[in-house]
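# Structural characterization, general
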Amino acid sequence: MTTAPSTDFLCGLDVASLFLAGPFIQLLDPATGEMPEHARAPFDILIKHFEARGLAVHNAHRREAWGAELMRPDQCTRLDQDEIRKADVFVALPGFPASPGTHIEVGWASAFDKPIVLMLERGREYTFLVQGLHTVATVEYVEYTDVAEALPELDLALHRAVSRHRETTRTG
């Protein structure tokens, strides 16, 4: 039997919220205007995982009812930026092909000096700036084939990113 990893490290690190980013508009079904179940599943798994650990999860996909209640650009842009600024940590699936909106959000998280975890689908090629982001920001990478199977590794990466970021902040 597999048990969930301990979340004590989150409490000890004062992590209460995260922003979960990933492709959105490009995943909407043109016929329904909503994300199909297969596109929604990774985000749903991650949201439930983090919320089960007591974290408040900010996520545009869920906030906008998986496409059924899309916000206007002037609304969602400011709200996403504000939620990223307020979040303790940032987690993203950059998308393949690259999601322009997600890449902007990754840039905001880096500019706001957030600990970042990027989930990269195994076997995909990502932009050089995604690959090299760790040289200018506190970033951990998690390669995955199946999001659900990568959750233990994601928890460890989150712990490493937050711990490293806190250490850098104290000594820097």
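Scroll up a little and you will see the structure.
Everything in this summary refers to the structure shown in the same document. Counting from 1, residues in each chain are numbered in the order their sequence is written. The predicted nature of this model means local features are confined to residues of pLDDT at least 70 and side-chain atom pairs, given and counted, to a pLDDT of 80 or more, with totals for whole chains, interfaces and linings taken over all residues. Working from all heavy atoms in the structure, the side-chain values ignore hydrogens and water.

### What to know about the nonpolar core
Buried Ala, Val, Leu, Ile, Met, Phe, Trp, Tyr and Cys residues form a nonpolar core when they are joined through side-chain atoms within 4.5 Å. Remark: exposure states derive from per-residue accessible area (1.4 Å probe, protein chains only) relative to the maximum for the residue type, with buried under 20%, exposed over 50%, and partly exposed in between. Among the nonpolar cores identified, the biggest contains 31 residues, and Leu 20, Leu 46, Phe 50, Met 119 and Leu 154 are the most heavily contacted of them. A helix here means a DSSP run of H or I that spans at least four residues, while a strand means a run of E at least two residues long, and both kinds are numbered starting from the N terminus. When residues of this core are traced back to their parent elements, those giving at least two are strand S1 (17–21), helix H2 (37–52), strand S3 (89–92), strand S4 (116–121), strand S5 (139–144) and helix H7 (151–171). Ranked by residues supplied to this core, first place goes to H7 with 6 residues. Here, residues are in contact when the closest pair of their heavy atoms is within 4.5 Å. Beyond its immediate chain neighbours, meaning those up to four positions away, Leu 154 contacts Leu 46, Phe 50, Val 91, Val 117, Met 119 and Val 142. Membership of the second largest hydrophobic core comes to 17 residues, among which are Phe 19, Ala 21, Val 106 and Leu 120.

### What about unusual backbone geometry?
Residue Pro 97 follows Phe 96 across a cis peptide bond; omega there is 0°. Take Pro 97: it is sitting in the loop between S3 and helix H5 (100–111). Phi at Asp 113 takes a positive value of approximately 60°, unusual for a residue other than glycine. You can see Asp 113 is positioned in the loop between H5 and S4. Under the relative-accessibility criterion, Asp 113 is labelled partly exposed at 44%.

### So, helix H4 (residues 73–86)
With 14 residues, H4 should cover 20 Å at 1.5 Å per step; its first-to-last C-alpha distance of 20 Å lies within 8% of that length. Inspection of H4 places Cys 76, Asp 80, Glu 83 and Ile 84 among the buried residues, and these make up the whole buried set. Projection of H4 onto a plane perpendicular to its axis shows the buried side chains occupying an angular sector of 100°, all on one side. In H4, the exposed positions angled more than 90 degrees off the buried face are occupied by Asp 74, Arg 78 and Lys 86. An expected span of 1.5 Å times one less than the residue number is assigned to each helix. Note: the arc covers the axis-to-C-beta directions of the helix.

### Looking at the pairing of S4
Of all the 6 residues making up S4, 5 are buried; the element is thus mostly covered by neighbouring parts of the structure. Note on pairing: two strands pair once DSSP finds at least 2 bridges between them. Here 3 bridges tie S3 to S4, and the two strands are oriented parallel to one another. Bridging across to S4, Phe 90 finds its partner in Ile 116. A crossover gets the label right-handed when its path from the first strand over the helix to the second runs clockwise, viewed with the strands pointing away from the viewer. Where the polypeptide runs from S3 across H5 and back to S4, its parallel neighbour, the crossover connection is right-handed. Alignment of S4 against S5, held across 6 bridges, turns out to be parallel. Each residue of the ladder has a partner; that of Leu 118, found in S5, is Tyr 141.

### Considerations on the pattern of salt bridges
Salt bridges are defined by distance alone: a side-chain nitrogen of Lys or Arg within 4 Å of a carboxyl oxygen of Asp or Glu. Going through the model one piece at a time under the given rule, you end up with 12 salt bridges. In this structure, Asp 80 engages Arg 63 in a salt bridge whose closest nitrogen and oxygen atoms are separated by 2.7 Å. Here the residue Asp 80 occupies a position in helix H4, and Arg 63 occupies one in helix H3 (residues 60–63), the gap between them amounting to 17 residues. What makes Asp 80 buried here is its relative accessible area of 8%. In this structure, the salt-bridge partner of Asp 82 is Arg 85, at a minimum N-O distance of 3.1 Å. With Asp 82 and Arg 85 both in helix H4 and 3 residues apart, this pair spans about one turn of that helix. The partly exposed category is assigned to Asp 82, whose relative accessible area is 25%. Put simply, Arg 63, Glu 64, Asp 80 and Glu 83 are held in one network by salt bridges that share partners.

That is the geometry; function is a separate question.
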